[in-house]
Amino acid sequence: MDQYNASAIEAKWQGRWEADRCFVAETGSDKPKYYVLEMFPYPSGRIHMGHVRNYTLGDVVARYRRARGYNVLHPMGWDAFGLPAENAAMERGVHPGKWTTENIAAMRTQLRGMGLSYDWDRELATCTPDYYQHEQRMFLKFLEKGLAYRKESWVNWDPVENTVLANEQVVDGRGWRSGAPVERRLLSQWFLKITEFADELLGAIEGLERWPDRVRLMQQNWIGRSEGARVTFTLTETGPGGAGSLDVFTTRPDTLYGASFLAIAANHPLAVALGEADPDAAAFIAECAKLGTSEAAVETAEKKGYKTGLTVQHPLIADCQLPVYIANFVLMEYGTGAIFGCPAHDQRDLDFANAYDLPVIPVVLPDDAEAGSFTVTDTAYTGPGKLFNSGDWDGLSVEDGKRAAIRALESRDAGTGQTTYRLRDWGVSRQRYWGCPIPIIHCDSCGMVPVPETDLPVELPEDVDFDTPGNPLSNHPSWKHTGCPTCGGDAIREQDTFDTFFESSWYFLRYADPAHPDGFSREAAAYWMPVDQYIGGVEHAVLHLLYSRFFTRALRETGYLDLDEPFAGLMTQGMVCHQTFQDQQGKWLFPTEVERAGDGWREIETGRPVTAGRIEKMSKSKRNVIDPELIISTYGADTARLFMLSDSPPERDMEWTEAGVEGASRFLKRLHRMAGDPDLAPVGSTVPTDGAPADLVRAAHRAIKAISEDIEAFRFNKAVAQLYTLANAITDLSDRSVEAAAARRFGIETLTRLLAPLAPHVAEEMWQALGHETMLAASPWPEADAALVTEASVEIGVQVNGKLRDTVSLPRDAVEDEARAAALASAGVIRYLDGKEPKKIIIVQNRIINVVV
RNA sequence: GCGGGCGUGGCGGAACUGGUAGACGCACUGGACUUAAAAUCCAGAGACCUUGGGUCGUGGGGGUUCGAGUCCCCCCGCCCGCACCA
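What you see is a predicted model; the values in this text were computed from it and never measured.

A closer look at the sheet that holds strand E32 (residues 793-800)
Spatially, the four strands line up as an open sheet ordered E33-E32-E35-E34, and their pairing is mixed. Of all the strands in the sheet, the pair left with one neighbour each is strand E33 (803-811) and strand E34 (840-844). Pairwise comparison of adjacent strand axes, ignoring direction, gives a mean angle of 20° for this sheet. Sheet topology places E32 next to strand E35 (residues 848-852); four bridges connect them, and they run parallel. Across the sheet, the residue bridging to Gln 799 is Asn 850, located in E35.

Here we look at the environment of Pro 212
Positionally, Pro 212 belongs in the loop between helix H6 (198-204) and helix H7 (213-223). Here the alpha-carbon distance between Pro 212 and Gln 3, two residues 209 residues apart in the chain, equals 43 Å. With residues near it in sequence (within four places) discarded, Pro 212 still touches Leu 570 and Thr 572.

Description of the sheet that holds strand E20 (residues 447-450)
Across the sheet, four strands lie side by side as E20-E19-E22-E21; this open sheet has antiparallel pairing. Each end of this open sheet is capped by a strand with a single partner; those strands are E20 and strand E21 (481-483). With strand direction ignored, the average angle separating the axes of adjacent strands in the sheet is 40°. Strand direction decides the pairing type here: strand E19 (residues 440-443) and strand E22 (residues 490-493), joined by three bridges, are antiparallel.

Side note on the packing of helix H3 (residues 83-92) against helix H4 (residues 96-112)
Between H3 and H4, whose axes approach to 8 Å, the crossing angle comes to 115°. Seen from above, H3 lies across H4 with right-handed handedness. Between H3, through Pro 84, Ala 85, Ala 88, Ala 89 and Arg 92, and H4, the contact on the second element is made entirely by Pro 96, Trp 99 and Thr 100. Among the residues forming the contact of H3 with H4, the class breakdown is six nonpolar, one polar and one charged.

As for the packing of aromatic side chains
The relative placement of two aromatic rings is captured by the distance of their centres and the angle of their planes. Counting across every chain of the model gives 44 aromatic pairs. Relative to Tyr 132, the ring of Phe 81 lies with its centre 5.6 Å away and its plane at 40°, an arrangement referred to as tilted. One end of the pair, Phe 81, is in the loop between strand E2 (71-73) and H3; the other, Tyr 132, is in helix H5 (residues 129-144), and 51 residues separate them in sequence. Accessibility assignment for this pair places Phe 81 and Tyr 132 in one class, buried. Each ring, one from Phe 643 and one from Trp 656, has its centre 4.8 Å from the other, and the planes form 80°; the classification is edge-to-face. Of this pair, Phe 643 sits in helix H19 (residues 637-645) while Trp 656 sits in the loop between strand E31 (654-655) and helix H20 (658-675); the two residues are 13 residues apart in sequence, bridging distant segments of the chain. Trp 656 shares its class with Phe 643; the two are buried. Feature note: the residues Phe 139, Phe 142, Trp 190, Phe 197, Trp 426, Phe 498, Phe 501, Phe 502, Tyr 547, Phe 550 and Phe 551 constitute an aromatic cluster, connected by ring pairs.

Here is what the cut-offs are and how they apply
Residues numbered from 1 in each chain as written. Chains lettered and ligands numbered in written order. Predicted model: local features only at pLDDT ≥ 70, side-chain atom pairs only at ≥ 80, totals over all residues. Heavy atoms only, no water. Pairing = 2+ DSSP bridges. Helix = DSSP H or I, 4+ residues; strand = E, 2+ residues; numbered from the N terminus. Axes fitted to C-alpha atoms, helices over the stretch in contact; angles between N-to-C directions. Contact = heavy atoms within 4.5 Å. Left-handed = near helix turned anticlockwise from the far one by under 90°. Nonpolar A, V, L, I, M, F, W, Y, C, P; charged D, E, K, R; others polar. Phe/Tyr/Trp six-rings, centres within 6.5 Å; stacked < 30°, edge-to-face > 60°. Buried < 20%, exposed > 50% of the residue type's maximum accessible area, 1.4 Å probe, protein only.

Encoded structure:
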């Protein structure tokens, strides 16, 4: 048999699979369906190791399910709208459409080279009118149903570039290109009413049984249902703009007696009104605006406030008035944009109170504390306890206190129980060119008018200019000018485009029926949906997945679908990491630029020593990247795939190492050699039932069972370990008998079939070398014989007082008396007992014996 | 700041529902083959000690249990997400 030549083998079998259309999903099949989907990539130009990992995981599942007799849908496409295309246009003068199309072509070639079992007939790209026209229609349906609306909201504004910045384009409060301090600006934008489904999205999480718990938890926390109270504080004198009172939301109405101040967001209407009259207030508000719009920036900033001079009356304590501050840590988006501060029982309030010399009045007494001596200085007490310093409520628990507070507030007309959500409506407007146009026309006389269905799609103009600052769609000379569909007069198109999460919120439906004139058909969706197994990065744990869950419900409400949840099973994979290298000047070096030098590393070109740094997520900025194409051309796709699956469990971060790749490559070469062994018994030889050869047959059956279970549970690293174990068992049976040759054939054939989902090309080649005409891509999965997977005897540990002292071999399922006798007779136990009587013997069948003295 | 996660030999990891810690691989050491090297094959190996035996050992400290990597409490370190990156 020839030497293992990965590139020749891989090209050969990719061609065969393609010619036989092995991976095309069937329509009208009576097999059970299985929809496996990997998160589609943004076409950045080249695939990276994260893609290789993601798509390898999906491909194993797809190939395994096909072998298991399912009609598998395994599609691939392109999340093709987005910022990088516009950046390329600005930096290199290439049109975003051309850039994107070329990138797609390059990446498709790379993906095909990996031997992934996609049904390429269903490929889609979201930047084509053929795709995005459907979401324009969906949006108009949402609008009719009241699921889309317009309101003002804040954006990061770069005053030099005259453009809206994404959060990632804001670096330390400045625009990434201009370096100008970023401002917050209010813009009128489109929103989707995801909050209308807050309770449903929250409740349905429970049913997502095949989702990781951590993702379910993150979604729960993101929706953030909290029960509390809305409390009205009356201003002691009328505020600017005639404001008479302030409403706050609190989850801790029980601590109302400990209130020492009120704080409002910098963009609260009352703050805005104050700013108009008070230059100092305006200056403070302007300072808050520099923080940008990201929640992390706001919450990590030092807590600051501005004392407005206004005071409010405490609703329960007659002679108590509280000062009102504008504070940089209060978010307008949450609750009412105003809070009351109880410093003793909230850390942020305490930090604020300490900074501004406000009183700290404890009102919850921990169970182990004394009312007379309990004080709070630097650490707020947020735990359980009994209320005190709280009038009638003294002695109540926190929970009873909350109920009492709501009753008290309601009886005085000063508030009411209320449930709020952290979840905010989804802002979908983007002031960008490379996105799906929002199909709305603004007319001076008719207002906002939807583009009539017959005029859809609204297509992006090709001839746009990226040299002028601002939105290219607004700068375009003619595109925005149109006629009003209602009155026929001059009107202006909406120039914002959709958030690219819009496209990814329904692409899984388009795959079900990719040529359908309505986007997808109800029938195809009913057959294929939900996605049985979705696989992608954990970085999408909240937004993309939550938006898709919402979108599916919105499509249900607008009559497209009968479905609630799009993804029945979810697997979130970890990141691919690599060691980092820096030269003496601190410049980052690519792994291909360095080599080992004794215990350390040196730069290949100059021979100068190199500092090997931390192992980090592969990133362009730190240059710790390995190009998958280099790996595929050097070792082959099968090696890249096998290494991706070995060692690290898929949900955990993995480290890419040269040594690991070498190991995977060596293993495949070894298997390839084993399949070419001329001393194997002929095809179809009877498998032996006695002696050492039969042990190998049993080992093969155990491998079938274990690997099947491992693949189904996403334990691919264990599946690979099982392949090694079986390979070792085949090698270890070195005897030259006919029976042994037959057992080795059974062993290697089984191994080849089990390898097929993981390293499919070499498995096909081995299968052919073993004398088979069939293709594994079209072959059923091997079946384990239950009678052959269990072993007759078990090695059991024997402990004395919980420490292992010996092991005994017992028949499987031996009764207690037999186990006890064997344990007491073992040398280790006799030595330790030293003639003493055991007090107690704990026997766990087939597991452990513990002799307690 | 808030939310989520991770931490086991030199390294990646395995260990089911609390039951023999370290499967399998990598790196390493020794041996075989070779003029030599690579490749391949065989063997060894958690650390320590007074080595046919024992002690210690799953980020640190405490607890529950006959028995804890696994359960509980406290602490430390690192990573991810935070609504306009995708």
